[in-house]
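Below, each chain spelled out in residue letters.
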Amino acid sequence: MSPQFSEEDIQEEQTHFSNVVTTFRQYAQYSLTANNRRRKDLYTLPHADKALLDSIGYRRKLQEIEAAILANADFLNKIVANPEIFGHNVSLGKDCDVERDEGLEDSESPLQSSERLAGQGDASYSHGHSHPNANEAKIPDPRKANGQGQARYRPTDFDMDKLRSTLKQFVRDWSEDGKAERDLCYEPMKRALEEYFEGRDRRTIRVLIPGAGLGRLAYDVAKLGFACQGNEFSHYMLLSSYLILNRTEAIGEHTIYPYIHSFSNIPSKAALLRPVKIPDVLPSDLPPGSDFSLVAGDFEEIYGAEDTGESEPHSGQWDAVLTCFFIDTAKNIVNYLRVIHRILAPGGVWINLGPLLWHFENNSTSDPSIELDLEEVKALMRKMGFRLSDERTIETSYTSNDQSMLGYIYKTAFWKATKNQESA
């Protein structure tokens, strides 16, 4: 076992993973309860008001929402049907009504192994230590607070918000509905990558994508013929991407209802209950011999650690790094830039697109947070040995409902940054 991880670290990781799995499995109960609140509110109204709402189909809409919740739950339960493949001993507690599958032995901790699990596509996974970011903050365990020992974990509102966001992420990355938004972000990055390495054998070009999410950008880059590795540490993303990349057999195999959780700013029932089919491509159709992998763990811990000879060396080994809506997840942006610079090969390129929505700003977990403006970020990059080019602004949304009455637009920063030869 690596000495940098204590038994407490391992137990914390196991507990967090188990809680995430429980969140997936409790989606139906939580969401049906929320929808039932609407029904109870309806019954508090005067009879005349209820009759009017019945006449426009409000009660019927609530019934349709319930059916959509159950459809989502069926999909989410598929994602966590066999969580033990990730090497964690999942304990669901004495009150849980979900059967456990037999999995790996307790000694097979992901902190002890770099084993890659190949699924039915060409994607593979390797496992390392990971921890929550600002969007996956540590929440006090209700079991401990209630003195219940091994009682079932009760997901919080924050947990469920992460899960609902994951459903919207599926739309962005793996549906035809998300193509327009996806193309605004991914296409400029892929074009820049192809142009930079024009005339080179793409199979020899190693591309790293930190914050890979559900893996679509990494998949697209591998589809172009590059050797591509994605990196992700959110358990919500890792569990979900494993299903879509390794356990999906047909285009449009799954149907989800990602917009049913809020009735605000919805123009019609059709927009609220809009089904989305995923995936829009078959993830297993990568060309034979494609080099495509996803690595679970914290970006700084995996790629920023000094080479020990126990794992794949990263210093100077990556020809390109692509970051999309990623760099503002840093607690210390200086170290993010340092790691990217260190792992790039001399003359390598970093292609970025994203905002500066600093995830740890005003956090409640006492984490440090260095929040720079865009000019400061670029000045820091130059001081650390990057040469910037193709700097521009690209306007895009992020996991938005294009039929909503409300939308947010990011004015994202795009750039290509090459590692100066003399700074290698």
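The notes below deal with the structure included here. (Residues numbered from 1 in each chain as written. Predicted model: local features only at pLDDT ≥ 70, side-chain atom pairs only at ≥ 80, totals over all residues. Heavy atoms only, no water.)

**Quick look at the overall build of the protein**
Thought 1: Each helix and strand in the protein was counted, giving 13 helices and 11 strands.
Thought 2: In the protein, which comprises 424 residues, the proportion classed as buried is 50%.
Thought 3: For the protein, the exposed surface amounts to about 19600 Å²; the carbon and sulfur share of it is 48%. (Helix = DSSP H or I, 4+ residues; strand = E, 2+ residues; numbered from the N terminus. Buried < 20%, exposed > 50% of the residue type's maximum accessible area, 1.4 Å probe, protein only. Areas by Shrake-Rupley, 256 points an atom, 1.4 Å probe, with all protein chains shown as cover.)

**Description of the packing of aromatic side chains**
Thought 1: Overall, the coordinates contain 14 aromatic pairs when judged by the stated rule.
Thought 2: Feature note: the residues Phe299, Tyr303, Trp318, Phe326 and Tyr336 constitute an aromatic cluster, connected by ring pairs.
Thought 3: Arg38 extends its terminal NZ or CZ atom over the ring of Phe263, reaching a point 3.8 Å from the ring centre.
Thought 4: Across the ring face of Phe325, the terminal group of Arg172 is positioned such that the distance to the ring centre comes to 5.5 Å. (Phe/Tyr/Trp six-rings, centres within 6.5 Å; stacked < 30°, edge-to-face > 60°. Lys NZ or Arg CZ within 6 Å of the ring centre and 35° of its normal.)

**Regarding the environment of Glu232**
Thought 1: Mapping Glu232 onto the fold places it in strand S4 (residues 227-232).
Thought 2: According to the relative accessible area criterion, Glu232 is buried, its value standing at 9%.
Thought 3: Glu232 sits 19 residues away from Gly213 along the chain, and the two C-alpha atoms are 6.1 Å apart.
Thought 4: A distance of 3.3 Å separates the side chain of Glu232 from the backbone nitrogen of Ala212, its partner in a polar contact.
Thought 5: Among the polar contacts made by the side chain of Glu232, one reaches the main-chain amide nitrogen of Gly213 at a distance of 2.7 Å. (Polar contact = N/O pair within 3.5 Å; in protein donor to acceptor, adjacent residues only side chain to side chain.)

**Description of the side chain of Arg274**
Thought 1: By the secondary structure assignment, Arg274 is in the loop between helix H10 (269-272) and strand S6 (276-278).
Thought 2: Within the structure, the side chain of Arg274 is placed 3.0 Å from the side chain of Asp177, a separation counted as a polar contact.
Thought 3: Only 3.3 Å separates the side chain of Arg274 from the side chain of Asp402, close enough to count as a polar contact.
Thought 4: Leaving out residues up to four positions away in the same chain, Arg274 has contacts with Asp177, Ile256, Tyr257, Pro258, Tyr259, Asn401, Asp402 and Gln403. (Contact = heavy atoms within 4.5 Å.)

**Some thoughts on helix H2 (residues 27-43)**
Thought 1: Between its first and last C-alpha, H2 extends 25 Å over 17 residues, near the 24 Å set by a 1.5 Å rise per residue.
Thought 2: Of the residues making up H2, those classed as buried are Tyr27, Ala28, Ser31, Asn35, Arg38, Arg39 and Leu42. Seen from one end, H2 has its buried residues packed into an arc of 95 degrees, which puts them on one side. Counted as exposed and oriented over 90 degrees from the buried face of H2: Thr33 and Lys40. (Expected span 1.5 Å × (residues − 1). Arc of directions from axis to C-beta.)

**Side note on the pattern of salt bridges**
Thought 1: Evaluated as defined, the whole model comprises 23 salt bridges.
Thought 2: In this structure, Asp177 engages Arg274 in a salt bridge whose closest nitrogen and oxygen atoms are separated by 3.0 Å. Here Arg274 lies in the loop between H10 and S6 and Asp177 lies in the loop between helix H6 (157-174) and helix H7 (179-196), a separation of 97 residues in the sequence.
Thought 3: It is possible to trace a salt-bridge network through shared partners that takes in Arg182, Glu187, Lys190, Arg216, Asp220 and Asp280. (Salt bridge = Lys/Arg side-chain N within 4 Å of Asp/Glu carboxyl O.)

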